[in-house]
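One letter stands for each residue in the lines below.
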Amino acid sequence: MDKKRKEYAVELVINGKKIEKVVIDSHYEEKHSAVINDVMILKLVDLLKNEFHDVNDYKFPFKYFVSNRLEIEDKLYRMIWLLEENKSYIGILNAFRSSK
């Protein structure tokens with residue numbers, strides 16, 4: 001496992017794809033660690049389950065997504081994430097609070 005990435009086991013379906021692992025890049029910690037942490041990111045990932053999400057960009061083998069209005073406890077968050085072809089994980093590139 002890369003030092004800059006943390007991995008967590010999950011059981012989700014996103015865009016019809018079975019997800020068994022969340023891989024969180026440490027990028028969010030540089031500017032957003034005061035308001036978000038891995039536990040919050042895992043809660044945000046849970047909000048994605050059983051939903052279809054539009055692809056923002058596709059660079060084989062990665063499909064990139066941006067979820068702009070994820071809400072937890074009346075606070076909005078934005079999360080940038082990816083799915084890799086033929087892999088069973090979701091990669092979290094960044095997550096942060098968003099204005100209403």
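Up top you'll find the structure we're talking about.
These remarks concern the structure in this document.

The rules behind these values
- Residues numbered from 1 in each chain as written.
- Predicted model: local features only at pLDDT ≥ 70, side-chain atom pairs only at ≥ 80, totals over all residues.
- Heavy atoms only, no water.
- Salt bridge = Lys/Arg side-chain N within 4 Å of Asp/Glu carboxyl O.
- Helix = DSSP H or I, 4+ residues; strand = E, 2+ residues; numbered from the N terminus.
- Buried < 20%, exposed > 50% of the residue type's maximum accessible area, 1.4 Å probe, protein only.
- Core = buried A, V, L, I, M, F, W, Y, C linked by side-chain atoms within 4.5 Å.
- Contact = heavy atoms within 4.5 Å.

### Points about the pattern of salt bridges
Tallied over the full model, the rule gives 7 salt bridges. Of the charged contacts, one joins Lys6 and Asp38 as a salt bridge, the two residues approaching to 3.1 Å between their closest N and O atoms. Of this pair, Lys6 sits in strand 1 (residues 5-14) while Asp38 sits in helix 2 (residues 38-48), placing them 32 residues apart in sequence. Residue class for Lys6 comes out partly exposed when judged on its relative accessible area of 24%. Residue classification places Asp38 among the buried residues on the basis of a relative accessible area of 9%. Glu20 is paired through a salt bridge with Lys18; the nearest N and O atoms lie 3.6 Å apart. Since its relative accessible area comes to 39%, Glu20 is described here as partly exposed.

### Focus: the nonpolar core
Ile41, Leu44, Met79, Trp81, Ile90 and Ile92 are the most contacted members of the largest nonpolar core, which totals 23 residues. For this core, the elements supplying multiple residues, two or more each, are strand 1, strand 2 (17-25), helix 2, strand 4 (62-72), strand 5 (75-84) and strand 6 (89-98). In terms of residue count, the dominant contributor to this core is helix 2 (5 residues). Excluding residues within four positions of it along the chain, Met79 makes contact with Ile41, Leu44, Val45, Leu48, Phe65, Val66, Ser67, Leu70, Ile92, Asn94 and Ala95.

Interpretation in functional terms is not warranted from these geometric data alone.
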